[in-house]
Amino acid sequence: MFKVLQEAEHHMKTGFGRSGKAYGNEPVPHQGSGQGNGIGPTLWALISTKLIMMMFRKRHGVELLSATTLTLLSIVCFSFVDDTDLPITGQKHSSGEDLINPFQEALDRWAGGLTVTGGELAPIKSWCYLIDHVWTGTKWRYRTKAEMPGEFTLTDRNGIRHAFDRLEPSVAKETLGILIAPDGNQKSLALSLRKKAEDFGEKIRSSQCTADTAMYTYNTCFLKSIEYSCIMTNFDSDQWNKILAPALENSLTKSAMARKFPQGVLYSPDLYEGLNIKHPYYSQGIIQLMACIQECAISSQTGQFMQQTAEDFMLELGYPVTLGNLNYEVAKTYLTPSWYGNLAKFVSSQALDVKGKFIQLELLRQSDKFLMLSFIKQGYRSELFLLNAMRMSIQAIS
């Protein structure tokens, strides 16, 4: 079968006739198992495993040590079919410039491995970030490309090098259907979701569907497509309302209801005569809470990342607390924005209490007091960020 596919000559045939050979029967035959081949996923799993082990033997990748339990998490890459991220980190006190050569070496090895197995990286579909921070005197910020000059290249199957994009940490790119920026901003994601809502709103407005079908489609189709990104989003209720407005208002109008239908009825369960529509803000929080509980319980690789994030969160917070009894409005004045922090904000706002297996901070001596808790009780607010920065610089908790 592979011989036939490799030696076949493919043509395009339209109403104007048949074209010359488009491709096929090349001196160097096309590689791959073929679109739709049942052995394709298994074959790629075997090949990619060999590539990943090759990278591991050469010590490429990331080793992360958790903040309190000192659990080591070793990552070579993140790979989903042919969508692969190659992370690399420096040693303690190293700079972004120190990573340029090691990362280029990792790129060359990965590209070379793909070439040997018949594949090839496409520079036009590739990008990278070089991330480092600088202290401004009052806060940390990301260093820019201008402050860290340097570029990276990829080699094709003929050994020719091609430059590819290096982006600022604030620029979001799509990964598995979700726009993600290393600095955590979600401006591009919000615009993307808003555009999706506008497209759906225009289609439902011009459709010939019935009143019942309009809201059913909004609830079971559109909102379900929005939920896919909820595992990553950190929008508040007002931001979600702004994102959804074009789709919701046109769906309500098509259903013979007022565009500004009362939200209390709209999002109430049918048990209380509501329309039983789920607000994405609550879907977002519930999905993230379920993921945290499930992944941490089975200690999956995702769960280990979540646990490391939770330990970092607790160490920066400076005192032991469970998600449900955290005063997030005070804590957010000095905490670094994070996925786990957003989850803590949701849980604390809903009068929930979640007890996990994460190790809590403990006092080191009798009669000690947690520094940050003492500062908060003394009424400090605007000064908390700098107080915490000084506390962490001397590695003290009490």
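Residues numbered from 1 in each chain as written. Predicted model: local features only at pLDDT ≥ 70, side-chain atom pairs only at ≥ 80, totals over all residues. Heavy atoms only, no water.

1. Overview of the environment of His30
Here is step 1 of the chain: Mapped onto the elements, His30 comes out in the loop between β2 (17–24) and α2 (40–57).
Here is step 2 of the chain: A relative accessible area of 42% means that His30 is categorised as partly exposed.
Here is step 3 of the chain: The spatial distance from the C-alpha of His30 to the C-alpha of Glu63 is 37 Å, given a sequence separation of 33 residues.
Here is step 4 of the chain: Discounting residues that sit within four places of it in the chain, His30 has contacts with Gln6, Tyr23 and Gly24. (Helix = DSSP H or I, 4+ residues; strand = E, 2+ residues; numbered from the N terminus. Buried < 20%, exposed > 50% of the residue type's maximum accessible area, 1.4 Å probe, protein only. Contact = heavy atoms within 4.5 Å.)

2. Looking at the packing of aromatic side chains
Here is step 1 of the chain: Under the counting rule described, the total for this entry stands at 12 aromatic pairs.
Here is step 2 of the chain: Ring geometry for Phe200 and Tyr218: centres 6.4 Å apart, planes at 55°, overall tilted. Of the two residues, Phe200 is situated in helix α4 (residues 187–206) and Tyr218 in helix α5 (residues 211–227); the sequence distance between them amounts to 18 residues. Across this residue pair, the class does not change: Phe200 and Tyr218 are buried.
Here is step 3 of the chain: Ring centres of Phe313 and Tyr340 lie 5.3 Å apart, and the angle between their planes is 65°; this geometry places the pair in the edge-to-face category. Here Phe313 is found in helix α9 (residues 301–317), whereas its partner Tyr340 is found in helix α11 (residues 339–349), with 27 residues between them in sequence. Of the two residues, Phe313 and Tyr340, neither departs from the other in class, the shared state being buried.
Here is step 4 of the chain: Ring pairs connect the aromatic residues Phe200, Tyr218 and Phe222, which therefore count as one cluster.
Here is step 5 of the chain: For Lys173, the ring lying beneath its charged end belongs to Trp127, and the centroid distance is 4.8 Å. (Phe/Tyr/Trp six-rings, centres within 6.5 Å; stacked < 30°, edge-to-face > 60°. Lys NZ or Arg CZ within 6 Å of the ring centre and 35° of its normal.)

3. What to know about the packing of α4 against helix α6 (residues 237–254)
Here is step 1 of the chain: Running from N to C, α4 and α6 cross one another at 5°; their axes reach a closest spacing of 8 Å. As judged from the angle between their axes, α4 and α6 are roughly parallel. The residues of α6 that touch α4, namely those facing Ala190, Leu193, Arg194, Ala197, Glu198, Phe200, Gly201, Glu202, Ile204 and Arg205, are Trp240, Lys242, Ile243, Leu244, Ala245, Pro246, Ala247, Asn250, Ser251 and Lys254. (Axes fitted to C-alpha atoms, helices over the stretch in contact; angles between N-to-C directions. Parallel < 35°, antiparallel > 145°, perpendicular 65-115°, else oblique.)

4. What about the packing of helix α8 (residues 280–297) against α9?
Here is step 1 of the chain: Remark: α8 packs on α9, axes separated minimally by 7 Å, with the N-to-C direction vectors making an angle of 110°. The angle between the axes of α8 and α9 places the two elements in the roughly perpendicular class. Helix-helix and strand crossings are classified by hand; for α8 and α9 the assignment is left-handed. Across the interface between the two elements, Ala291, Cys292, Glu295 and Cys296 from α8 touch Thr302, Gly303, Met306 and Gln307 from α9.
Here is step 2 of the chain: Considering only residue class, the contact of α8 with α9 consists of four nonpolar, three polar and one charged. (Left-handed = near helix turned anticlockwise from the far one by under 90°. Nonpolar A, V, L, I, M, F, W, Y, C, P; charged D, E, K, R; others polar.)

5. Structural notes on α4
The periodicity of an α-helix, 3.6 residues per turn, causes residues three or four places apart in sequence to face the same way.
Here is step 1 of the chain: The terminal C-alpha atoms of α4, which comprises 20 residues, lie 29 Å apart, in line with the 28 Å expected from a rise of 1.5 Å per residue.
Here is step 2 of the chain: Here α4 has its buried residues at Leu189, Ala190, Leu193, Ala197, Phe200, Gly201 and Ile204. The buried residues of α4 all sit within an arc of 110° when viewed along its axis, so they share a single face. Those residues of α4 that are exposed and angled more than 90 degrees off the buried face are Lys187, Leu191 and Lys203.
Here is step 3 of the chain: Against β14 (178–180), α5 and α6 lie the buried residues of α4. (Expected span 1.5 Å × (residues − 1). Arc of directions from axis to C-beta.)

6. Topic: the confidence of the model for the protein
Here is step 1 of the chain: Averaged over all residues, the pLDDT of the protein equals 90, while 99% of them reach at least 70.
Here is step 2 of the chain: The lowest-confidence element of the protein is β2, averaging 78 in pLDDT; the highest-confidence one is α4, averaging 95. (pLDDT = per-residue confidence, 0-100.)

7. Here we look at the environment of Tyr267
Here is step 1 of the chain: As for its placement among the helices and strands, Tyr267 is situated in the loop between α7 (263–266) and α8.
Here is step 2 of the chain: In this structure Tyr267 comes out as buried when scored by relative accessible area, which is 19%.
Here is step 3 of the chain: In sequence terms Tyr267 and Asp98 are 169 residues apart; their C-alpha atoms lie 52 Å from each other.
Here is step 4 of the chain: Residues in contact with Tyr267, not counting those within four places in the same chain, are Leu248, Ile277, Lys278 and His279.

8. A closer look at the environment of Pro27
Here is step 1 of the chain: For Pro27, the position within the fold is in the loop between β2 and α2.
Here is step 2 of the chain: Spatially, the C-alpha atom of Pro27 lies 9.4 Å from that of Glu7, the residues being 20 residues apart in sequence.

9. Some details on the side chain of Gln284
Here is step 1 of the chain: Counting through the fold element by element, Gln284 comes out in helix α8.
Here is step 2 of the chain: Using a relative accessible area of 2% as the deciding quantity, one classes Gln284 as buried.
Here is step 3 of the chain: Separated by 3.1 Å, the side chains of Gln284 and Trp240 make a polar contact.
Here is step 4 of the chain: With sequence-adjacent residues up to four places away left out, Gln284 is seen in contact with Cys230, Thr233, Asn234, Phe235, Trp240 and Asn342. (Polar contact = N/O pair within 3.5 Å; in protein donor to acceptor, adjacent residues only side chain to side chain.)

10. Things to note about unusual backbone geometry
Here is step 1 of the chain: Even without a glycine there, the phi angle at Ala256 is positive, about 65°.
Here is step 2 of the chain: Mapped onto the secondary structure, Ala256 falls in the loop between α6 and α7.
Here is step 3 of the chain: Backbone geometry places Gln395, a non-glycine residue, at a positive phi of 55°.
Here is step 4 of the chain: Within the secondary structure layout, Gln395 lies in the segment after α13 (384–393).

11. Concerning the nonpolar core
Here is step 1 of the chain: Counting residues in hydrophobic clusters, the biggest one holds 56 residues, and the most contacted among them are Tyr218, Phe222, Trp240, Leu317, Tyr319 and Leu326.
Here is step 2 of the chain: Contributing elements (two or more residues each) for this core: α4, α5, α6, α8, α9, α10 (328–331), α11 and α12 (371–377).
Here is step 3 of the chain: If we skip the residues at most four places from it in the chain, Leu317 touches Leu326, Ala331, Tyr334, Leu335, Met372 and Arg391.
Here is step 4 of the chain: Counting 18 residues, the second-largest nonpolar core is a separate cluster that includes Met55, Leu86, Leu99 and Met148. (Core = buried A, V, L, I, M, F, W, Y, C linked by side-chain atoms within 4.5 Å.)

12. Some remarks on the state of the cysteines
Here is step 1 of the chain: Summed over all chains, the structure comprises zero disulfides.
Here is step 2 of the chain: Between Cys77, a free cysteine, and Cys128, which holds the nearest cysteine sulfur, the sulfur-to-sulfur gap is 16 Å.
Here is step 3 of the chain: For Cys292, which is in no disulfide, the shortest distance to another cysteine sulfur is to Cys296 and amounts to 4.2 Å. (Disulfide = S-S within 2.5 Å.)

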